[in-house]
Amino acid sequence: MKFVFLIVFIHLLPQCTGKPLSQDDCYQHAFKEIKREIAGYSNIAKAIINLAVYGNAQNRSYERLARFVDTFGPRLSGSKNLEMAIKYMFSVLQEDGLENVQLEPVKVPHWERGEESAMMLAPRNHSIAILGLGSSIATPPEGITAEVLVVTSFDELHKKAQDAKGKIVVYNQPFVNYEETVKYRLLGAVEAGKVGAVASLIRSITSFSINSPHTGWQQYQSNVPKIPTACISVEDAEMMARMSSRGTRIVVTLKMGARTYPDTVSFNTVAEIVGSKYPEQVVLVSGHLDSWDVGQGAMDDGGGAFISWEALSLIKDLGLRPKRTLRLVLWTAEEPGGVGAEQYYQLHKGKISNFDIVMESDSGTFMPMGLAFTGSDKARAILTEIMQLLQPINATNIYENGGETDTVYWVRDGVPGASLHDDISKYFWFHHTQGDTMTVQDPSQMNLCAAVWTVVSYVIADMEEMLPR
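All residue numbers here refer to positions counted from 1 along the written sequence of the relevant chain. Local features in a predicted model are, by the rule used here, given only for residues with pLDDT of at least 70; side-chain atom pairs are given and counted only at 80 or more, and totals for whole chains, interfaces and linings are based on all residues. Water and hydrogen atoms play no part in the side-chain values, which are based on all heavy atoms of the structure.

Visitor: What should I look at first to understand the sheet that holds strand β13 (residues 355–360) in this one?
Guide: Think of a sheet as strands paired side by side through backbone hydrogen bonds, with each pair either parallel or antiparallel. Read across the open sheet, the eight strands follow the order β1-β10-β12-β11-β13-β16-β14-β15; overall the sheet is mixed. Both edges of this open sheet fall to β1 (99–112) and β15 (397–400), since each of them pairs with a single strand only. Each strand axis lies, on average, 25° off the axis of its neighbour in the sheet, ignoring direction. What makes two strands pair is DSSP finding at least two bridges between them. Going along the chain from the N terminus, every DSSP run of H or I of four or more residues is numbered as a helix, and every run of E of two or more is numbered as a strand. Pairing of strand β11 (residues 278–288) with β13, which is carried by five bridges, proceeds in the parallel orientation. Across the sheet, V282 pairs through a bridge with F355, a residue of β13. In this analysis, axes come from line fits to C-alpha atoms, helices being fitted only over the stretch in contact, and the angle between any two N-to-C directions falls in the range 0 to 180 degrees.

Visitor: Would you explain helix α11 (residues 298–317) in this entry?
Guide: One turn of the α-helix equals 3.6 residues, which is why residues spaced by three or four share an orientation. How far a helix is expected to stretch is found by multiplying one less than its residue total by 1.5 Å. With 20 residues, α11 should reach 28 Å at 1.5 Å per residue; the first-to-last C-alpha distance of 25 Å falls well below that figure. For α11, the buried fraction is high: 18 of the 20 residues fall into the buried class. Throughout this description, buried means an accessible area under 20% of the type-specific maximum (1.4 Å probe, protein chains only), exposed means over 50%, and partly exposed covers the range between.

Visitor: How do you make sense of the side chain of Q281 when you look at a structure like this?
Guide: Structurally, Q281 is set in strand β11. Side-chain polar atoms of Q281 contact the side chain of R324, separated by 2.7 Å. The definition of a polar contact used here is a pair of N or O atoms within 3.5 Å, where within protein one atom must be able to donate a hydrogen and the other to accept one, and adjacent residues in sequence count solely through side-chain atom pairs.

Visitor: Could you clarify how one ought to interpret empty space enclosed by the protein in this entry?
Guide: Empty space among the atoms becomes apparent when a probe as large as a water molecule is rolled across them. Using a 1 Å grid laid over the protein atoms alone, points where a 1.4 Å probe fits but cannot get out form a cavity; open sets with protein on both sides within 12 Å along at least 5 of 7 lines form a pocket; any residue with an atom within 4 Å of a point counts as lining. Grid points are joined across faces, edges and corners, and a volume is the space filled by probe spheres set on the points. Taken as a whole and assessed by the stated rule, the structure comprises two cavities of 30 Å³ or more. Empty space within the largest cavity amounts to approximately 40 Å³. Lining the largest cavity, in full, are Y178, R185, I205, H214, T215, C231, H431 and H432. Under the scheme applied here, ten amino acids are nonpolar (Ala, Val, Leu, Ile, Met, Phe, Trp, Tyr, Cys and Pro), four are charged (Asp, Glu, Lys and Arg), and all others, including Gly, are polar. In terms of residue class, the lining of the largest cavity is built from three nonpolar, four polar and one charged. Its boundaries defined by the atoms lining it, the second largest cavity holds a volume of some 30 Å³. Looking at the lining of the second largest cavity residue by residue, the classes come out as two nonpolar, four polar and two charged.

Visitor: I'm lost on the pattern of salt bridges in this one. Help?
Guide: Opposite charge on two side chains lets them pair, provided their charged atoms get close. By definition here, a salt bridge exists when the distance from a side-chain nitrogen of Lys or Arg to a carboxyl oxygen of Asp or Glu is within 4 Å. Per the counting criterion, the structure on display carries 23 salt bridges. In this structure, D317 engages R60 in a salt bridge whose closest nitrogen and oxygen atoms are separated by 2.8 Å. A residue pair is termed long-range when its members are at least 10 positions apart, and D317 in helix α11 and R60 in helix α4 (residues 60–72) qualify at 257 residues. Classification of D317 as partly exposed rests on a relative accessible area of 38%. Given the relative accessible area of 18%, R60 is considered buried. We note a salt bridge from E238 to R203, for which the minimum N-O separation is 3.3 Å. Within this pair, whereas E238 is found in helix α10 (residues 234–245), its partner R203 is found in strand β7 (residues 199–203), the two being separated by 35 residues in sequence. The exposure class of E238 is partly exposed, given its relative accessible area of 33%. Because the salt bridges share partners, they merge into one network encompassing R60, R64, D96, E310, K316 and D317.

Okay, structure coming up:
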């Protein structure tokens, strides 16, 4: 009887083999067999988990990352540090025995902050901790000295537009969440420039602070006067808000030596384990190598980049070769807005039908809880089964919104996307600050993240069918 079933099953699949399961009838008949296929990876998943968490590869991604960030430090787009870091990765990926290691050139922004300071002159002398925002212009060499106008929102700023002219606007907006509040960092200078302000200082986008300003990219608009802009700590923003509420006149001198240079050449770093049966089809795992110019860029996004490298290392160490090509991409210039990834997409989008899933880890490598996912219901059902292989480390959950900055182009065009979902309760404490160092990282948590990343990417790459779209 089992042979009759097998003959019927084989008859139903030939039009789908090695391609996305897009036809409903094919999918319905095949899903039970897909579940059996996934369950068959149980021993491989356990081997990956044991190697990453308890075996010879224990703490390897952490130790590799520590050596990397201690050697090269922060890696701002266009910087020498980033250039040297990319050359190093090109070398060590080859030494690791990975295949098709290459550098794909891209043009990236080159901005440097230079010397910067802010000093409150009235009602008393006080040094304000600042970090200039990416792409900000400089002040004149003597700085800008002006009265401060404190606001809590764009609406309040526009209501007080007449008061803003010639002043330094300080935003003391409440932190709601990153997605909602980051608009003040992105557009604070533009909105202040519209009402005639001479500079803007923005409360850092974080729920917690120890007098630690958080940097990040900001966006000018061509039809609005450009003004210097920087982030300040939560403490200083709240202090000036309290002073202002009492009617106290606040005067600040802001000095910024920021400078924008012509775009320069950088590289996306690529390495592969070539597929054994469908080498033209790709499962992409990734993180970004660039960082801000403060701290070490260990959390954002050294951890994500290095667990992605670790995924290929673990598979190679176990002597595995999936049916599809497993491709590692270490993006450049993510922080200025996914610049390297956008150029990678333009270069490779002609082969979009061969991309099975795009995965990026860029929200820390803390205690993993599962994956965030964007894709069809059918693909989600398959991923749900794959995640059950991670029961030994209790990371089986699936969440919404699997696209990240560097993979959003592919996800927008229908390629399934996944990102690591971990405990980010403290992520924005350190995000884009001097505190983003190896001290934030935990080797045991990185081991678990690497196990999740490896099991999922390997199983998807080795299954007979691509994920349905």
